[in-house]
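In case you want the letters, here they are:
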Amino acid sequence: MQVKNNGIYITGTTTVGITYKEGIILGADRRVSDAYNKKVAHKTGKKILQIDDHIVATIAGSVADAQFLIDQLRANAKLYKYYNNRPISVKSIANLASIILFNSRLFPYITEINIGGYDRYGPSLYTVDLLGSLTKEKYIARGSGSPYAMGLIEARYKPELELNEGIIIVVEALKSSISWDLFTGEGIDIAIVDKKGMRFLTEEEINYYISKVETEKR
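Throughout what follows, the structure given in this document is the object of discussion. Remember, it's a predicted structure, so these values are computed and weren't measured experimentally.

Conventions adopted
As a convention, each chain's residues are numbered from 1 in the sequence order in which they are written. A pLDDT threshold of at least 70 governs which residues receive local features in this predicted model, and a stricter bar of 80 or more applies before side-chain atom pairs are shown or counted, although totals over entire chains, interfaces and linings include all residues. To obtain the side-chain values, all non-hydrogen atoms of the structure were included, while hydrogens and water were left out. Here a helix means four or more residues in a row that DSSP labels H or I, a strand means two or more in a row labelled E, and each is numbered from the N terminus. Whether a residue is buried, partly exposed or exposed follows from its accessible area with a 1.4 Å probe, protein chains only, as a fraction of its type maximum: under 20%, in between, or over 50%, in that order. For this analysis, residues touch if any pair of their heavy atoms sits within 4.5 Å. Using a 1 Å grid laid over the protein atoms alone, points where a 1.4 Å probe fits but cannot get out form a cavity; open sets with protein on both sides within 12 Å along at least 5 of 7 lines form a pocket; any residue with an atom within 4 Å of a point counts as lining. Grid points are joined across faces, edges and corners, and a volume is the space filled by probe spheres set on the points. Throughout, the ten residues Ala, Val, Leu, Ile, Met, Phe, Trp, Tyr, Cys and Pro are labelled nonpolar, Asp, Glu, Lys and Arg are labelled charged, and all others, Gly among them, are labelled polar. Take the buried Ala, Val, Leu, Ile, Met, Phe, Trp, Tyr and Cys residues and link them wherever side-chain atoms come within 4.5 Å; each set so joined is a nonpolar core. In a helix, the anticipated span is given by 1.5 Å times the number of residues less one. Throughout, the arc means that of the directions going from the helix axis to the C-beta atoms. Only when DSSP finds a minimum of two bridges between them are two strands counted as paired. Only the stretch in contact is used when fitting a helix axis, every axis being a line fitted to C-alpha atoms; angles between N-to-C directions are given from 0 to 180 degrees. The patches described consist of residues with a relative accessible area above 30% and no salt bridge, like charges being joined within 9 Å and nonpolar side chains (Val, Leu, Ile, Met, Phe, Trp, Tyr) within 5 Å. In this description, accessible areas are obtained by the Shrake-Rupley approach with a 1.4 Å probe, and a residue is regarded as covered only by the protein chains that are shown. Salt bridges are counted wherever a side-chain nitrogen of Lys or Arg sits within 4 Å of a carboxyl oxygen of Asp or Glu.

Further remarks concern the overall build of the chain. Secondary structure summary: the chain contains five helices and 14 strands in total. The burial tally for the chain puts 52% of its 218 residues in the buried class. Once local pairs closer than 6 in sequence are excluded, the contacts in the chain between residues at least 24 apart make up 63%.

Structure, rendered in structure tokens:
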């Protein structure tokens, strides 16, 4: 959840994305926070949403605004595939998100998203803020817990990460935010996108990586 407080937008969540050797890993917590009233609105919010078979996004901010934006991106991805007989590129979807948010800047959608995917150009990761600013990143964190997550990712990230190494970094980053940020918590979701498509890690797989991280810290 994101609200305006004394002219500053406060985003209550933590979402992260990193590139690894063969694809993209996106992660998010599950807590849906009411940042204005400083309370938990829901414990099982879904913050990683699929746009196409090869593109996925994390959302932070107003749930309704984020879902509306994702719906527009999904619809355009389907139309592109229908008319061109091939999937849309990750960069094109990111540019579309940027255009939609920029054109609405006077009455902005209160959301910011990370978009990751794998296309004919390989893996790529983009982030877009509520005013439409678009950047391509190797790794990124969004939301109120992002300073804790970003600090850990910057310390651990390296080029040509293997998948297992990348997942461990994402888990560590989210656990760090859960430990220190009031608006982050209630578990972790992780999605992977590579040349085979996208998939979500199962609860069993996530628990395995969490236990591995906790064991390494002892």
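Additional details are given in the paragraphs that follow.
The volume enclosed by the largest pocket comes to roughly 200 Å³. As for the largest pocket, its lining consists of 13 residues, of which T19, Y20, K138, Y157 and E160 are closest to the centre. Secondary structure elements with two or more residues in the lining of the largest pocket: β3 (15-20) and β10 (122-128). The leading source of residues in the lining of the largest pocket is β10, at three residues. Of the residues assigned to the lining of the largest pocket, the class counts are six nonpolar, two polar and five charged.

Here we take up the nonpolar core. Formed by 25 residues in total, the largest nonpolar core has its most connected members in I167, V171 and I190. Listed by contribution, the elements that provide at least two residues to this core are β3, α3 (146-156), α4 (163-180), β13 (188-194) and α5 (203-217). Once you skip the residues sitting within four places of it in the chain, I167 turns out to touch I25, I190, I192, L201 and Y209. Counting residues in hydrophobic clusters, the runner-up holds 21 residues, among them I51, I55, I115 and Y126.

This part takes up helix α2 (residues 90-103). A turn of α-helix holds 3.6 residues, and therefore any two residues three or four places apart point the same way. With 14 residues, α2 should cover 20 Å at 1.5 Å per step; its first-to-last C-alpha distance of 20 Å lies within 8% of that length. Those residues of α2 that fall on the buried side of the exposure criterion are V90, I93, A94, A97, S98, I100 and L101. Down the axis of α2, the buried side of the element spans an arc of 165°, and every buried residue falls inside it. Residues of α2 that are buried make contact with β7 (48-52), β8 (55-61), α1 (63-84), β9 (111-119), β10 and β11 (134-136).

Moving on, we get to the sheet that holds β9. The sheet built from five strands is open, its strands ordered β7-β8-β9-β10-β11 with antiparallel pairing. Each edge of the open sheet carries a strand with a single partner, namely β7 and β11. Here the strands of the sheet are splayed against their neighbours by 25° on average, with no regard to which way each runs. Across four bridges, the pairing between β7 and β8 is antiparallel. Looking at the pairing, Q50 lines up with V56 of β8. Where α1 meets the sheet, it contacts β7, β8 and β9, and its direction lies at approximately 20° from that of β7. Against the sheet, α2 engages β7, β8, β9, β10 and β11, with an angle of about 165° to β9.

With that out of the way, let us pick up a nonpolar patch on the surface. Judged by side-chain polarity, L79, Y82 and Y83 come together as a nonpolar surface patch covering roughly 430 Å² of accessible area. The exposure class of Y83 is exposed, given its relative accessible area of 64%.

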